[in-house]
Amino acid sequence: MAAVKGEVDKVLKESGQEVLHGGPLIDLTCEMLKKMPILDSVVDETLRLTATPTLIRAVNQDMTLNMADGCKCLVRKGDRLALFPYMVLQTDPEIHPDPHSFKYDRFFNPDGSKKTDFYKAGKKVKYYNMPWGAGVSMCPERFFANNELKQLIFLMLVYYEIELKNPHDEVPDTDLNRKGFGINHPLEDMPFQYRPRF
Ligand code: HEM
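Since this is a predicted model, take the numbers as computed values, not measurements. (Residues numbered from 1 in each chain as written. Predicted model: local features only at pLDDT ≥ 70, side-chain atom pairs only at ≥ 80, totals over all residues. Heavy atoms only, no water.)

### Some words on the site of the ligand
Every one of the 13 residues lining the ligand counts as a neighbour, but Arg 57, Ala 134, Ser 137, Cys 139 and Glu 141 are closest to it. Considered class by class, the residues forming the shell around the ligand number nine nonpolar, two polar and two charged. (Near = heavy atom within 4 Å. Nonpolar A, V, L, I, M, F, W, Y, C, P; charged D, E, K, R; others polar.)

### Brief notes about the packing of aromatic side chains
As enumerated under the stated definition, the model contains nine aromatic pairs in all. Summarising the aromatic geometry, the rings of Tyr 104 and Phe 108 are spaced 6.3 Å apart at their centres and angled 50° between planes, so their arrangement reads as tilted. Put simply, the rings of Tyr 159, Tyr 160, Phe 192, Tyr 194 and Phe 198 touch in pairs and so form one group of aromatic residues. Between Lys 115 and the ring centre of Phe 118, over which it is positioned, the NZ or CZ distance is 4.2 Å. (Phe/Tyr/Trp six-rings, centres within 6.5 Å; stacked < 30°, edge-to-face > 60°. Lys NZ or Arg CZ within 6 Å of the ring centre and 35° of its normal.)

### Notes on the state of the cysteines
Scanning all chains against the criterion turns up zero disulfides. Free cysteine Cys 71: the closest other cysteine sulfur is in Cys 73, separated by 8.4 Å. Take Cys 71: its relative accessible area is 41%, and that puts it in the partly exposed class. (Disulfide = S-S within 2.5 Å. Buried < 20%, exposed > 50% of the residue type's maximum accessible area, 1.4 Å probe, protein only.)

### Some words on the nonpolar core
Membership of the largest hydrophobic core comes to 19 residues, with the highest contact counts inside it found for Val 4, Val 8, Leu 12, Met 32, Met 36, Phe 154 and Val 158. Contributing elements (two or more residues each) for this core: helix H1 (2–14), helix H2 (30–34), helix H3 (37–50) and helix H5 (142–159). Counting residues per element, this core draws most heavily on H3, at five residues. If sequence neighbours within four positions are ignored, Val 158 has contacts with Val 8, Leu 12, Val 19, Ile 26 and Arg 197. By size, the runner-up hydrophobic cluster in this structure holds nine residues, among which are Leu 89, Phe 118, Met 130 and Ala 134. (Core = buried A, V, L, I, M, F, W, Y, C linked by side-chain atoms within 4.5 Å. Helix = DSSP H or I, 4+ residues; strand = E, 2+ residues; numbered from the N terminus. Contact = heavy atoms within 4.5 Å.)

On their own, these measurements won't tell you what the molecule is for.
This is how it looks when you write it as structure tokens:
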């Protein structure tokens, strides 16, 4: 959180704004949100660990799927195909080392650019994180949803001092019953406390 807070403070300062007691509300623009590679990485990493959609496809013609391990899988016209990227990509330890840990910098390079180089068996992987699905039915509202998440985090960090109530508690497990249905929920709450800065 400290890294994101540092980035939020920098972007706010560069915009010439500050939080003042009784002062005007922060004017948060899309341009400001675009200058936040750390926050982008944090959102991507959060979705990597929590987005578990099942992608269903209808097979319109007989075809062969070539798997990463060299296997070939025949699918027939009329079949239904269910893909579960959470298991096969998002938590593959070869693509994402230490896959069940949250690493805020997993998706950005030291020069601040977005990290897109991920490998499996020595080959660059095209799809390394698929919270939004892929292809023609890829979530059409992903830019909106991504910006909403970024706005919420930005404004929470600008207006409030936030800390975990019990910082040494383990991160709760997720509810296995929801796997396959969008975003995973934690089994328990993680209480936090906050104080307005204004
Ligand atoms: C974090 C938030 C969200 C996530 C992780 C998410 C994820 C997804 C996924 C995985 C799919 C299926 C993609 C596929 O089959 O390849 C999808 C489809 C879709 N999503 Fe989202 N979504 C999110 C937010 C939203 C929001 C806010 C809206 C609307 C305002 C939305 C509207 C849609 C629609 C209409 C489709 C169907 C697209 C189609 O079948 O052509 N999503 N979304």
